[in-house]
Amino acid sequence: MKHVEELTADKASLESYLKGQGWLQLNEKITALEIPGAGNMNFTIRVKTGERSFIVKQSREYVEKFPQVPAPSERALREAEFYQLVSNKSLLNEKMPKLIGVDKKNHVLNLEDLGHGVDYTFLYQKGEHIDEAELKQIMTFIANLHKAINTKTTDTRLPNRKMRKLNHEHIFIYPYLEDNGLNLDDVLPGLRAAGKPFKQDEALKKKVGKLGDRYLQDGNTLLHGDYFPGSWLKTNDGIKIIDPEFCFFGEVEFEIGVTLAHLKMADQPDKLVEKALRFYKDRSALNESLCKQFMAVEILRRILGLAQLPLSLDLEKRKELLNEAQSILIPE
Ligand SMILES: Nc1ncnc2c1ncn2[C@@H]1O[C@H](COP(=O)(O)OP(=O)(O)OP(=O)(O)O)[C@@H](O)[C@H]1O
Ligand SMILES: [Mg+2]
């Protein structure tokens, strides 16, 4: 088995690793190491020298925050492939960090530092609304991606099967298990009982299973794969898009459905959610009915599944969203 070097936040050993990669000059010293922002999956660190800074991101064979949970170790290489695919498309690459280097052996990316931005997960807080102009940029980026990179424009494929399998379990399977290891009452008292009817709804589960099969099929369009507020960064240089580790060629309706679901769970006004869809549809084609079905699935999984969000919705509002999701998937 090949030996993978596990990076740590130890200056001396990181310096020696970076010099070995040719990512630091031989006379260059690390002056500071920082955690650039909240992340769960990977080892992500900002390296500062006297002259510059950059971001180092390593994927391990486990989830960084939960080392007992295994994860596909080569996911950083899939993320690198995404950056390579957009590298000659200025509309896209100017809104993402530049990929400075890849260490394939150790699954490490060297990325441009976008500075001290914050991601848009603040939208889940009470009373926070996204600016319409910002929403337009976010939806325009994703429409541009879908239009620019698809099976008509490139012969490259990016199945990213292991990450898709992992995500499939989290989206389409775990939320519907009676016991998935998470007590929903620990998230919010009463949520366990509120979730029960959905976990027992056979018609709903069948429908979700079918959508899961679609998610696993290869589609025509390169998707970011995780297009939610945690992947949108507000920087001094405008909105940037990061973290395409779940990318694959799939159906655009999955991507946009996920985005809309998060706007709803962030309690954005209906008008804004409609605007998001409009911004997208004005630029690129989409089957709205399928999109709403994927939206419903994402709502169900984020409220009932393991990958919980810092939502500020009370129990009543969560129940409302679950019911809305159910009626989208199983119309009367
Ligand atoms: N190129 C960059 N420039 C500046 N900050 C960055 C950059 N890349 C990542 N960050 C910061 O680090 C955080 C974690 O990065 P990222 O989301 O890529 O890691 P992750 O481990 O995949 O996270 P998650 O578990 O949420 O998927 C981001 O939310 C952001 O704040
Ligand atoms: Mg990530």
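Residues numbered from 1 in each chain as written. Chains lettered and ligands numbered in written order. Predicted model: local features only at pLDDT ≥ 70, side-chain atom pairs only at ≥ 80, totals over all residues. Heavy atoms only, no water.

- The name an unreviewed UniProt entry gives the chain is Aminoglycoside phosphotransferase domain-containing protein, with Psychroflexus lacisalsi as the organism.
- Word for word, the UniProt comment on the chain under Sequence similarities (unreviewed entry) is "Belongs to the methylthioribose kinase family." (UniProt positions renumbered as here; feature names shortened; annotations may be inferred.)

## So, the pattern of salt bridges
And step 1. With the rule as written, the count across this model stands at 29 salt bridges.
And step 2. Lysine 57 is the salt-bridge partner of aspartate 243, the closest N and O atoms lying 2.7 Å from each other. One end of the pair, aspartate 243, is in the loop between strand E11 (238–241) and strand E12 (248–250); the other, lysine 57, is in strand E3 (residues 53–58), with 186 residues separating them in the sequence. In this pair, the class of aspartate 243 matches that of lysine 57, namely buried. (Salt bridge = Lys/Arg side-chain N within 4 Å of Asp/Glu carboxyl O. Helix = DSSP H or I, 4+ residues; strand = E, 2+ residues; numbered from the N terminus. Buried < 20%, exposed > 50% of the residue type's maximum accessible area, 1.4 Å probe, protein only.)

## Points about the packing of aromatic side chains
And step 1. In total, this model carries eleven aromatic pairs according to the counting rule given.
And step 2. Their ring planes at 40 degrees and their centres at 5.6 Å tell us that phenylalanine 172 and tyrosine 215 sit as a pair that is tilted. Linking phenylalanine 172 in helix H5 (residues 161–173) with tyrosine 215 in helix H8 (residues 202–216), this pair joins segments that are 43 residues apart in sequence. With respect to class, phenylalanine 172 is no different from tyrosine 215; both count as buried.
And step 3. A connected cluster of aromatic rings, assembled from ring pairs, spans Tyr120, Phe122, Phe141, Tyr227 and Trp232.
And step 4. Of note, arginine 157 hangs over the ring of phenylalanine 249, and the distance from its end group to the ring centre comes to 5.5 Å.
And step 5. A cation sits over an aromatic face here: arginine 302 above phenylalanine 228, 5.4 Å from the ring centre. (Phe/Tyr/Trp six-rings, centres within 6.5 Å; stacked < 30°, edge-to-face > 60°. Lys NZ or Arg CZ within 6 Å of the ring centre and 35° of its normal.)

## Looking at the sheet that holds strand E1 (residues 30–34)
And step 1. Sheet architecture is open: five strands sit in the order E1-E2-E3-E7-E6, paired in antiparallel fashion. Sheet topology places E1 and strand E6 (99–103) at the edges, where each strand pairs with a single neighbour. When the angles between neighbouring strand axes are averaged without regard to direction, this sheet yields 20 degrees.
And step 2. Running at roughly 105 degrees to E1, helix H1 (residues 11–21) makes contact with E1, strand E2 (43–49), E3, E6 and strand E7 (108–112) of the sheet.
And step 3. Each of E3, E6 and E7 touches helix H2 (residues 75–86); the most contacted strand, E6, lies at about 145 degrees to it. (Pairing = 2+ DSSP bridges. Axes fitted to C-alpha atoms, helices over the stretch in contact; angles between N-to-C directions. Contact = heavy atoms within 4.5 Å.)

## Details of the coordination of the magnesium ion (ligand 2)
And step 1. Coordination of the magnesium ion (ligand 2) by the protein involves Asp243 (OD), Asp243 (OD) and Glu245 (OE), with metal-donor separations of 1.9 to 2.7 Å. For the pair aspartate 243 and glutamate 245, one class covers both residues: buried. (Donors = N, O, S within 2.8 Å, 3.2 Å for Na, K, Ca; no water.)

## Thoughts on the nonpolar core
And step 1. In terms of nonpolar packing, the biggest core is built from 79 residues, with Met139, Leu222, Ile256, Leu260, Leu300 and Ile303 touching the most fellow members.
And step 2. Here the element with the most residues in this core is helix H11 (residues 288–304); it accounts for ten residues.
And step 3. Counting the residues that make up this core, at least three belong to each of domain 1 (11–112) and domain 2 (118–329).
And step 4. In this structure methionine 139 touches Ile256, Thr259, Ala276, Phe279 and Tyr280, once residues within four positions along its chain are discounted.
And step 5. Residues Leu7, Leu24, Ile30 and Phe54 belong to the second largest nonpolar core, which totals 13 residues. (Core = buried A, V, L, I, M, F, W, Y, C linked by side-chain atoms within 4.5 Å. Domains from an automatic or database assignment.)

## A look at the domain arrangement of the chain
And step 1. Examined at the domain level, the chain breaks down into domain 1 (11–112) and domain 2 (118–329).
And step 2. Spacing between the C-alpha centres of domain 1 and domain 2 amounts to 26 Å.
And step 3. On the domain 2 side, the residues contacting the 19 residues of domain 1 number 26 residues.
And step 4. Interface of domain 1 and domain 2: buried area, both sides summed, is about 1,900 Å²; carbon and sulfur atoms make up 74% of it.
And step 5. When the area that domain 1 buries against domain 2 is broken down by residue, the three leading residues are Phe82, Leu85 and Lys95, summing to 34%.
And step 6. Here domain 1 and domain 2 share two salt bridges between them.
And step 7. Linking glutamate 245 and arginine 75 is a salt bridge whose minimum nitrogen-to-oxygen distance equals 3.7 Å.
And step 8. Taken together, domain 1 and domain 2 are joined by four residue pairs in polar contact (both at pLDDT 80 or more).
And step 9. Of all the elements in the fold, those that place two or more residues in the side of domain 1 that touches domain 2 are H2 and helix H3 (90–93).
And step 10. The element that contributes the greatest number of residues to the side of domain 1 that touches domain 2 is H2, accounting for eight residues. (Buried area = accessible area lost by both parts, 1.4 Å probe. Polar contact = N/O pair within 3.5 Å; in protein donor to acceptor, adjacent residues only side chain to side chain.)

## Topic: unusual backbone geometry
And step 1. Although it is not a glycine, histidine 107 adopts a positive phi angle of roughly 60 degrees.
And step 2. By the element assignment, histidine 107 lies in the loop between E6 and E7.
And step 3. Of the residues examined, histidine 107 reaches a relative accessible area of 4% and is grouped as buried.
And step 4. Even without being a glycine, asparagine 160 presents a positive backbone phi close to 45 degrees.

## Regarding the UniProt feature "domain: Aminoglycoside phosphotransferase" (unreviewed entry) in the chain
And step 1. The UniProt feature table records "domain: Aminoglycoside phosphotransferase" (unreviewed entry) at residues 38–280.
And step 2. In this annotation, residues 38–280 is assigned 41% helix and 19% strand; the end-to-end C-alpha distance for the span is 28 Å.

## Topic: the environment of alanine 38
And step 1. Its place among the elements puts alanine 38 in the loop between E1 and E2.
And step 2. Residue alanine 38 is classed as exposed on the basis of its relative accessible area, which comes to 80%.
And step 3. As for alanine 38 and leucine 114, which are separated by 76 residues in sequence, their C-alpha atoms are 15 Å apart.

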